[in-house]
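Chain by chain, the residues:
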Amino acid sequence: MTGPRMLYRLCPPGTVSWCAAPGDAVSRAPAELDGLPWAPADLAFGADLLRIAVRHGVASPAGLVLDARHTDDLGRADGLRSDQLAIDDAQTGLRESVAMRLIEQAYPGSVELAAQLDEKLRKATENTAREADAQLAEVLAAPVRPALAEHWRRLGGRYPD
């Protein structure tokens, strides 16, 4: 038996719950999956999450159950880019501050050095975001399992593809 795993359960029309379950839980009978101790998840329901579930999940009477490891890169690139925009805004304010002018007077060239470092970090963040995009694309490249998409529809869910 393997260690605990985080699972997500998607239920129509669009709720997500989670539980920590034994690593072999996804191989249980579908009815047993719904008997696990599910709790509301912080992860928001969305089209990409559903797309992952119909590729990598399993059916349960209430919906689709998915090992959370398949969602690791979901929204990661957007989060990185959003955080970088916030950092850029904060740095703009800092560069225009009295404190930065005083630092530049005391240490000539420090503003330029900081700008170069900021650019290196911005490029590294974008490279990481691109890697996350590629990893998510790889997860989504798996073929849709028609039985899972049909199960979702039978339960009243809408499938985006």
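Look up: the structure comes first, before these words.
What comes next is a walk through the structure. Within every chain, residues take consecutive numbers counted from 1 along the sequence as written. Restriction of local features to residues with pLDDT of at least 70 applies here, the model being predicted, together with a cutoff of 80 or more for giving and counting side-chain atom pairs; totals for whole chains, interfaces and linings are based on all residues. Based on all heavy atoms of the structure, the side-chain values leave hydrogens and waters out of the count.

Let us look at the packing of aromatic side chains. In this scheme Phe, Tyr and Trp rings, the latter by its six-membered ring, pair at centre separations within 6.5 Å, and the angle between planes marks the pair as stacked below 30 degrees, edge-to-face above 60, and tilted otherwise. Per the counting criterion, the structure on display carries 1 aromatic pair. Each ring, one from Phe45 and one from Trp152, has its centre 5.9 Å from the other, and the planes form 10°; the classification is stacked. Of this pair, Phe45 sits in the loop between strand S3 (39-40) and helix H2 (47-56) while Trp152 sits in helix H6 (residues 146-154), and the two are 107 residues apart along the sequence. Helical segments are the DSSP runs of H or I of at least four residues, strand segments are the runs of E of at least two, and each set is numbered from the N terminus.

Below, the discussion takes up the environment of Met100. Locating Met100 in the fold gives a position in helix H4 (residues 98-106). Along the sequence, Met100 and Ser110 sit 10 residues apart, while their C-alpha atoms lie 8.9 Å from each other.

A word on the pairing of strand S1 (residues 4-11). Here, strands pair whenever DSSP counts at least two bridges between them. The sheet contact formed by S1 and strand S2 (residues 15-22) spans 8 bridges and is antiparallel. Note on S2: the bridge partner recorded for Leu7 is Cys19.

Another point: helix H5 (residues 110-140). Each helix should span, by expectation, one fewer than its residue count multiplied by 1.5 Å. With 31 residues, H5 should reach 45 Å at 1.5 Å per residue; the first-to-last C-alpha distance of 45 Å fits that figure. The cut-offs for exposure are 20% and 50% of the maximum accessible area for each residue type, with area from a 1.4 Å probe on protein chains only; residues under the lower value are buried, those over the upper are exposed, and the others partly exposed. Among the residues of H5, Ser110, Asp118, Thr125, Ala129, Ala132, Leu136 and Val139 are the ones counted as buried.

Next up on the list: the pattern of salt bridges. Definition used for salt bridges: Asp or Glu carboxyl oxygen within 4 Å of a side-chain nitrogen of Lys or Arg. All told, the structure shown has 12 salt bridges when counted by the stated rule. Residues Arg69 and Asp67 are paired through a salt bridge, measuring 3.3 Å at the closest nitrogen-oxygen approach. With a relative accessible area of 7%, Asp67 lands in the buried category. Residues Asp118 and Arg95 are paired through a salt bridge, measuring 2.8 Å at the closest nitrogen-oxygen approach. Of this pair, Asp118 sits in helix H5 while Arg95 sits in helix H3 (residues 76-95), placing them 23 residues apart in sequence. On the accessibility criterion, Arg95 (30% relative accessible area) is partly exposed. Residues joined in a network through salt bridges with shared partners are Arg81, Glu126, Arg130 and Asp133.

Where H4 meets H5, the axes come as close as 8 Å, and the angle between the chain directions of the two elements is 115°. Classified by the angle their axes make, H4 and H5 are roughly perpendicular. Residues Met100, Ile103 and Glu104 of H4 form the contact with H5, whose own contacting residues are Ser110, Val111 and Ala114. Residue classes in the contact of H4 with H5 are distributed as 4 nonpolar, 1 polar and 1 charged. An axis is simply a line fitted to the C-alpha atoms; with a helix, the fit covers only the stretch in contact. Between two such axes, the angle follows the N-to-C directions and lies from 0 to 180 degrees. Our angle categories are set so that under 35 degrees counts as roughly parallel, over 145 as roughly antiparallel, 65 to 115 as roughly perpendicular, and the remainder as oblique. In this analysis, two residues are considered to be in contact whenever any of their non-hydrogen atoms come within 4.5 Å of each other. Under this grouping Gly is polar, as are all residues other than the nonpolar Ala, Val, Leu, Ile, Met, Phe, Trp, Tyr, Cys and Pro and the charged Asp, Glu, Lys and Arg.

It is worth stressing that arrangement in space is one thing and function is another; only the former is reported here.
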